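These are the residues of each chain, in order.
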Amino acid sequence: RQHNKKALALCFWTIGLLNNAAFVVMLAGAKSISEGGTALVFIANTLPSLLVKISAPYWYHLINYDARILLASILFAASFTTV
C-alpha cells in the first residue's frame, strides 16, 4: 500500500512538471517571436483553459473519455506547432 502512494505521488509530480514545462516553452517561444508578443501568447495560452474550466460542468459529460483525450492531445500538439 505504501508503494502505491509513492507511485501515485510520483505520477502527480511528473504530470505537474510537464504541465509547467509546456507553459515555460510557450513563453520562451513568445519571446523569440517578438518582445510585444509575450502578453498575446500568455493570453492565448491561458484563456482557452479558463473558458473550459468555466463551461465544462455544462457539457463535459456529453463527450466520452476517449474523444476528450484525443482532442486534448491534438490541441496540445497544435499549440506547440503554432508557437
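Before reading on, note that the structure itself is shown above.
For the structure given in this document, a descriptive report is provided here.

At 3.6 residues per turn, the α-helix brings residues three or four places apart onto the same side. Counted at 1.5 Å a residue, the expected span for helix 2 (residues 37-59) with its 23 residues is 33 Å, and the 32 Å between its end C-alpha atoms agrees. Of all the bends in helix 2, the greatest, near 40°, is centred on Lys53, and the proline Pro57 appears no more than four residues after it. Taken as a whole, helix 2 has its buried residues at Gly37, Thr38, Val41 and Ala56.

All right, on to a nonpolar patch on the surface then. There is a patch of nonpolar side chains on the surface, built from Phe23, Val24, Phe42, Ile43, Leu47, Leu50, Leu51 and Ile54 and spanning about 730 Å² of accessible area. Every element with two or more residues in the nonpolar patch is listed here: helix 1 (2-33) and helix 2. Considering every element that reaches the nonpolar patch, the biggest residue donor is helix 2, with six residues. The exposed category is assigned to Val24, whose relative accessible area is 54%.

Parameters and conventions
- Residues numbered from 1 in each chain as written.
- Predicted model: local features only at pLDDT ≥ 70, side-chain atom pairs only at ≥ 80, totals over all residues.
- Heavy atoms only, no water.
- Helix = DSSP H or I, 4+ residues; strand = E, 2+ residues; numbered from the N terminus.
- Expected span 1.5 Å × (residues − 1).
- Bend = angle between axes of the 7 residues up to and from the residue.
- Buried < 20%, exposed > 50% of the residue type's maximum accessible area, 1.4 Å probe, protein only.
- Patch = residues over 30% accessible without salt bridge, like charges linked within 9 Å, V, L, I, M, F, W, Y side chains within 5 Å.
- Areas by Shrake-Rupley, 256 points an atom, 1.4 Å probe, with all protein chains shown as cover.
- Salt bridge = Lys/Arg side-chain N within 4 Å of Asp/Glu carboxyl O.

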